[in-house]
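A structural walkthrough
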Amino acid sequence: MPDHVVTDPILTAEGIVVRFGDLTAVDRVDLAVQRGSIYGLLGPNGAGKTTLIRVLATLLKPDAGRATVAGIDVVEDPGLARTRLGLAGQFAAVDEYQTGRENVQMIGRLYRLSARESRQRTDDILERIGLVDAADRRVGTYSGGMRRRLDLAASLIGRPEVMFLDEPTTGIDPRSRVGIWDLVQDLVRGGTTVLLTTQYLEEADVLADRIGVIDHGRIITEGTADELKATMGGTIIEVEIDPAHRDEYETALAGVGEGETTFDEQRNLLRIPAREGAESLLAVGRALDRAELVPVDIETHKPTLDDVFLAVTDDTPSDDAPAPSDGQAPGRKARR
Ligand SMILES: Nc1ncnc2c1ncn2[C@@H]1O[C@H](COP(=O)(O)OP(=O)(O)O)[C@@H](O)[C@H]1O
Ligand SMILES: [Mg+2]
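Residues numbered from 1 in each chain as written. Chains lettered and ligands numbered in written order. Predicted model: local features only at pLDDT ≥ 70, side-chain atom pairs only at ≥ 80, totals over all residues.

**Structural notes on the overall build of the protein chain**
- In terms of helices and strands, the protein chain carries 11 helices and 14 strands.
- With the principal axes as the frame, the protein chain shows a C-alpha extent of 75 × 45 × 40 Å.
- Counting over 336 residues, the protein chain shows a buried share of 42%.
- Considering only residue pairs separated by 6 or more positions, the protein chain has 70% of its internal contacts joining residues 24 or more positions apart. (Helix = DSSP H or I, 4+ residues; strand = E, 2+ residues; numbered from the N terminus. Buried ≥ 20, exposed ≤ 12 C-beta atoms within 10 Å, placed from the backbone. Contact = placed C-beta atoms within 7 Å.)

**Remarks on the site of ligand 1**
- The environment of ligand 1 is formed by 12 residues, the closest being Phe20, Ala25, Lys49, Thr50 and Thr51.
- When contributions to the shell around ligand 1 are tallied by element, the ones reaching two or more residues are β2 (23-34) and α1 (49-56).
- When residues in the shell around ligand 1 are grouped by element, the largest group, 3 residues, is from α1.
- Residues belonging to the shell around ligand 1 are distributed by class as follows: 4 nonpolar, 6 polar and 2 charged. (Near = placed C-beta within 6 Å. Nonpolar A, V, L, I, M, F, W, Y, C, P; charged D, E, K, R; others polar.)

**As for the domain arrangement of the protein chain**
- Splitting the protein chain by domain gives domain 1 (9-228) and domain 2 (233-302).
- A C-alpha centroid distance of 40 Å is found between domain 1 and domain 2. (Domains from an automatic or database assignment.)

**Quick look at the pairing of strand β14 (residues 297-301)**
- With 0 of 5 residues buried, β14 lies mostly on the surface of the structure.
- Sheet analysis places strand β11 (residues 235-240) next to β14, joined by 5 bridges and oriented antiparallel. Paired with Ile236 across the bridge in β14 is His301. (Pairing = 2+ DSSP bridges.)

This is how it looks when you write it as structure tokens:
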């Protein structure tokens, strides 16, 4: 991983540890997030994302380590830190008897926007978040998904220095998801720094300037999307095999690629990170030929963040495997 210098860190963490009984939910996490950037924390269910955000947003005291928001220590001075940060999820207590629009406008006023500005921003946010049709209904009639979106709208109307968005698009339909991406990018253009968590590789790829991949409470790799992809070499060679002969394939192909070969049990694919160009593919072909193995299929493709995730995460999911609601960027797991 290339050394990365953060010249103006607005959010830092050093050696953060959170334990729940025997479980270490966050395990010595270090972070430095550049002011004005979007940092994506990418990981499966149970990886420790929410727990880490709760520490950074002053809602949970870590068992070890320290963290700062806008230079303020979140453990020593949580009250002051809170004035500088925003967190989606904090408006769970919306007023059931008011409409969605009224709720968001009211929160805009709490953030000291003028009445007019609050109205305009509310209209804009509700539109992009896909809540226009329901905007004038009482919140008491909202479904769970609508409440989540309303919560996000409420957290987006202020313009805090640092905004924490915990899985802002999980369970949200693809169209509203793109609207939310736009809103997040707007927020950053307005000067806010964003730390968002996601289970979707595509989301991290689209939004994040830097990405930390987290699993079992540890950040296991970190970099820009391009850097992470580059660690995979220029090409991924996928060899579809008969799983009954997996050992023979692995023996035959040992050392052929550039990095660690992984196996996708669902699709019976051996994934070999390799150098770009025909030579790597020929080497795979020759190795298989020598071992007299004829695979079902061979394909090559450019590495995606999905490949990075498969290569760097452990083969046991932190918790239950994530179940993406729309089949996008599925959290497939490699077994070695
Ligand atoms: N309050 C809690 N008490 C006990 N265990 C918890 C608590 N909160 C989270 N955990 C456990 O800590 C781990 C990390 O959880 P979490 O931070 O919610 O992960 P993520 O947000 O990445 O899905 C999980 O194994 C989860 O079950
Ligand atoms: Mg979570």
